[in-house]
Amino acid sequence: MKELLIVWHSMTGGSETLAKAAATGAEQESKLKVKRLFAEQATPSDMLGGSGYLFVFPENLAAISGVMKAFFDRCYYPCLGKIEGRPYAVVICAGSDGSNAARQVERIATGWRLRKIAEPSIICTHAQTEAAILAPKIIDEEALAQARQTGAHLAAGLEIGIF
């Protein structure tokens, strides 16, 4: 059975909420297995078992969050040459931009020779003060719908074999 692997990291709840929404969208759209893993727990074996990937994480200091970067570092070489052509998508919970974090993940995915199936979904929380940055994030319905749609699109494509 095909498996959509959703690897996520969250510090203030925003990315976790988006990962859950994406999983819900994927599960409603297909019968494939959806596996959601916190980035610290995800291993190269999990990556090798996935048929496609959704990476969900916050932008921290204009970059991939450290825990997510550690996941990529841990999995990069063990998966190199073994997951080529598999589809992926990205959801980023950003304070104001997210584009540099998107570029970073795209470079990693390019090295793995993954196939990008959608432009990065960047959800902007507009958190600019210390208090706003550290506060739990509330994701609005439009952003949740966007995450559900990303999960559904990836899952549907995996299930019918277009990705």
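None of these values were measured; they are calculated from a predicted model. (Residues numbered from 1 in each chain as written. Predicted model: local features only at pLDDT ≥ 70, side-chain atom pairs only at ≥ 80, totals over all residues. Heavy atoms only, no water.)

Undergrad: So what about the packing of helix 1 (residues 14-29) against helix 6 (residues 141-160)? Which residues, and what values?
TA: Where helix 1 contacts helix 6, the axes come no closer than 7 Å and their chain directions differ by 45°. By the criterion of interaxial angle, the relationship of helix 1 to helix 6 is oblique. Taken as a pair, helix 1 and helix 6 cross one another with a handedness that is right-handed. Where helix 1 approaches helix 6, its residues Thr17, Leu18, Ala21, Ala22, Thr24, Gly25, Ala26 and Glu29 are matched on the opposing element by Ala143, Leu144, Ala147, Arg148, Gly151, Ala152, Ala155, Ala156 and Glu159. Along the lines of polarity and charge, the residues of the contact of helix 1 with helix 6 split into ten nonpolar, four polar and three charged. (Axes fitted to C-alpha atoms, helices over the stretch in contact; angles between N-to-C directions. Helix = DSSP H or I, 4+ residues; strand = E, 2+ residues; numbered from the N terminus. Parallel < 35°, antiparallel > 145°, perpendicular 65-115°, else oblique. Left-handed = near helix turned anticlockwise from the far one by under 90°. Contact = heavy atoms within 4.5 Å. Nonpolar A, V, L, I, M, F, W, Y, C, P; charged D, E, K, R; others polar.)

Undergrad: Before we move on, can you summarise the environment of Glu40 with the specific residues and values?
TA: Take Glu40: it is sitting in the loop between strand 2 (33-38) and helix 2 (44-49). Here the alpha-carbon distance between Glu40 and Phe55, two residues 15 residues apart in the chain, equals 13 Å.

Undergrad: How would you explain the side chain of Asp46 if you had to name every residue and give the values?
TA: Inspection of the secondary structure assignment puts Asp46 in helix 2. Within the structure, the side chain of Asp46 is placed 2.9 Å from the backbone nitrogen of Thr43, a separation counted as a polar contact. Ignoring any residue separated from it by four or fewer positions in sequence, one finds Asp46 in contact with Glu3, Leu5, Lys35, Leu37 and Gln41. (Polar contact = N/O pair within 3.5 Å; in protein donor to acceptor, adjacent residues only side chain to side chain.)

Undergrad: A description of the environment of Glu84 should follow, citing residues and the corresponding values.
TA: Among the structural elements, Glu84 can be located in the loop between helix 3 (66-79) and strand 5 (87-94). For the pair Glu84 and Gly111, spaced 27 residues apart in sequence, the C-alpha separation works out to 9.1 Å. Setting aside anything within four residues of it in sequence, one finds Glu84 in contact with Trp112 and Arg113.

Undergrad: An account of the packing of aromatic side chains is needed here, citing residue identities and associated values.
TA: Following the criterion strictly, the structure yields nine aromatic pairs and no others. An angle of 65° between the planes, with centres 4.9 Å apart, marks the rings of Trp8 and Phe38 as edge-to-face. Residue Trp8 is found in strand 1 (residues 3-8), and its partner Phe38 is found in strand 2; the two are separated by 30 residues along the sequence. Residues Trp8 and Phe38 agree in their burial class; the two are buried. Seen from their ring centres, Phe72 and Trp112 are 6.0 Å apart, and the 55° between their planes marks the pair as tilted. (Phe/Tyr/Trp six-rings, centres within 6.5 Å; stacked < 30°, edge-to-face > 60°. Buried < 20%, exposed > 50% of the residue type's maximum accessible area, 1.4 Å probe, protein only.)

Undergrad: Got a sec to walk through helix 3? Specific residues and values, please.
TA: Look at helix 3: 20 Å from first C-alpha to last across 14 residues, which is about the 20 Å you get at 1.5 Å a residue. If you check which residues of helix 3 are buried, you get Met68, Phe71, Phe72, Cys75, Tyr76 and Cys79. One face of helix 3 carries all of its buried residues, which in axial projection span an arc of 130°. Phi for Gly81, located one or two positions after helix 3, is positive at around 80°. (Expected span 1.5 Å × (residues − 1). Arc of directions from axis to C-beta.)

Undergrad: How would you sum up the layout of surface pockets? Please name residues and give values.
TA: Taken as a whole, the largest pocket spans an internal volume of roughly 410 Å³. Along the wall of the largest pocket there are 21 residues; nearest its centre are Pro58, Glu59, Asn60, Ile133 and Lys137. Sorting the residues of the lining of the largest pocket by element identifies helix 1, strand 3 (52-60), strand 5 and helix 5 (130-134) as the ones contributing at least two each. Residue contributions to the lining of the largest pocket peak at three residues, all from strand 3. Classifying every residue of the lining of the largest pocket by side-chain character gives nine nonpolar, ten polar and two charged. (1 Å grid on protein atoms, 1.4 Å probe; cavity = no way out; pocket = protein on both sides within 12 Å on 5 of 7 lines; lining within 4 Å. Points joined across faces, edges and corners; volume = space filled by probe spheres on them.)

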